[in-house]
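These are the residues of each chain, in order.
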Amino acid sequence: MPLADSLTFINRDNFFAMSLIIGIIVGIIPGIGVLGPIAGGFLYAYFSMFYGQIPKDQMEAIKRGAYMGLILSIISVVITLLIWSSFVPAHPMMFPMVTFSALAIINLIIVGLIIGAILGGIGGFIAYYVE
């Protein structure tokens with residue numbers, strides 16, 4: 001598998017952590033935040049198949065990618081709530097202006113989890129067809 005040969009810093013011991021870190025780094029880039037769960041799900045499913053933890057099956061790759069996308073979306077939702085809520089204002093002048101109601105927070109969490117799992121599943125689906 002040429003991709004696994006070129007990514008030598010990802011090995012059997014750290015592919016979960018490296019997929020998570022790369023997904024977070026890609027996810028915090030403004031404008032392309034949706035690529036974080038896709039990239040994390042892709043790497044996690046790809047290396048799971050490469051190291052033989054899951055069979056090379058389409059549904060297993062999608063499940064593995066969705067799992068990583070879910071984790072990355074939880075991290076993204078927590079970061080978003082910390083930045084834009086009134087608990088930690090992004091700018092001191094924004095303190096009285098930005099507050100979330102409980103329903104908005106619940107909506108943000110549920111939509112974030114659903115979209116993160118879908119995007120991670122897409123990444124796992126792509127990983128199945130890469131090699």
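Look up a bit, the structure's there.
Everything in this summary refers to the structure shown in the same document. (Residues numbered from 1 in each chain as written. Predicted model: local features only at pLDDT ≥ 70, side-chain atom pairs only at ≥ 80, totals over all residues. Heavy atoms only, no water.)

### With respect to the nonpolar core
Argument step 1. In terms of nonpolar packing, the biggest core is built from 19 residues, with Ile10, Phe15, Tyr46, Phe47 and Ala127 touching the most fellow members.
Argument step 2. For this core, the elements supplying multiple residues, two or more each, are α2 (15–27), α3 (35–50) and α4 (58–84).
Argument step 3. A per-element tally of this core places α3 first, with seven residues. (Core = buried A, V, L, I, M, F, W, Y, C linked by side-chain atoms within 4.5 Å. Buried < 20%, exposed > 50% of the residue type's maximum accessible area, 1.4 Å probe, protein only. Helix = DSSP H or I, 4+ residues; strand = E, 2+ residues; numbered from the N terminus.)

### Quick notes on the packing of aromatic side chains
Argument step 1. Within the structure shown, the criterion is met by 11 aromatic pairs.
Argument step 2. Taken together, a centroid distance of 5.2 Å and an interplanar angle of 90 degrees make the contact between Tyr46 and Phe47 edge-to-face. As far as burial versus exposure is concerned, Tyr46 and Phe47 are alike and both buried.
Argument step 3. Ring geometry for Phe50 versus Tyr51: centroids 4.9 Å apart, planes at 70 degrees, classification edge-to-face.
Argument step 4. Exposure remark for Tyr51: the relative accessible area of 17% places this residue in the buried category.
Argument step 5. One aromatic cluster is present, formed by Phe15, Phe16, Phe42, Tyr44, Tyr46, Phe47, Phe50, Tyr51 and Tyr67 through successive ring pairs. (Phe/Tyr/Trp six-rings, centres within 6.5 Å; stacked < 30°, edge-to-face > 60°.)

### Looking at the packing of α2 against α4
Argument step 1. Orientation of α2 relative to α4, taken along the N-to-C sense of each, is 50 degrees, at an axis distance of 10 Å. Here α2 lies oblique to α4, going by the angle between them. In terms of crossing hand, the pair formed by α2 and α4 is right-handed. In this structure, α2 contributes Phe16, Ser19, Leu20, Gly23 and Ile24 to the contact, and α4 contributes Tyr67, Met68, Ile71, Leu72 and Ile75.
Argument step 2. The class makeup of the residues in the contact of α2 with α4 is eight nonpolar, two polar and no charged. (Axes fitted to C-alpha atoms, helices over the stretch in contact; angles between N-to-C directions. Parallel < 35°, antiparallel > 145°, perpendicular 65-115°, else oblique. Left-handed = near helix turned anticlockwise from the far one by under 90°. Contact = heavy atoms within 4.5 Å. Nonpolar A, V, L, I, M, F, W, Y, C, P; charged D, E, K, R; others polar.)

### What to know about the environment of Leu119
Argument step 1. Locating Leu119 in the fold gives a position in helix α5 (residues 102–130).
Argument step 2. Overall, Leu119 belongs to the buried group, its relative accessible area being 14%.
Argument step 3. Along the chain, Leu119 and Ala66 lie 53 residues apart, while their C-alpha atoms are 7.1 Å from each other.
Argument step 4. Among all residues touching Leu119, those that are not within four sequence positions of it are Val34, Pro37 and Ile38.

### What to know about α2
Argument step 1. Compared with the 18 Å implied by 1.5 Å per residue over 13 residues, the 18 Å span of α2 between its first and last C-alpha is a close match.
Argument step 2. For α2, the complete set of buried residues consists of Phe15, Met18, Ser19, Leu20 and Gly23.
Argument step 3. As for α2, its buried residues are in contact with α3 and α4. (Expected span 1.5 Å × (residues − 1).)

### Description of the pattern of salt bridges
Once their charged atoms are close, side chains differing in charge can pair, the charge on each being opposite to the other.
Argument step 1. Using the criterion set out here, one finds one salt bridge in the structure.
Argument step 2. The shortest N-O distance in the salt bridge between Glu60 and Lys63 comes to 3.2 Å. With Glu60 and Lys63 both in helix α4 and three residues apart, this pair spans about one turn of that helix. (Salt bridge = Lys/Arg side-chain N within 4 Å of Asp/Glu carboxyl O.)

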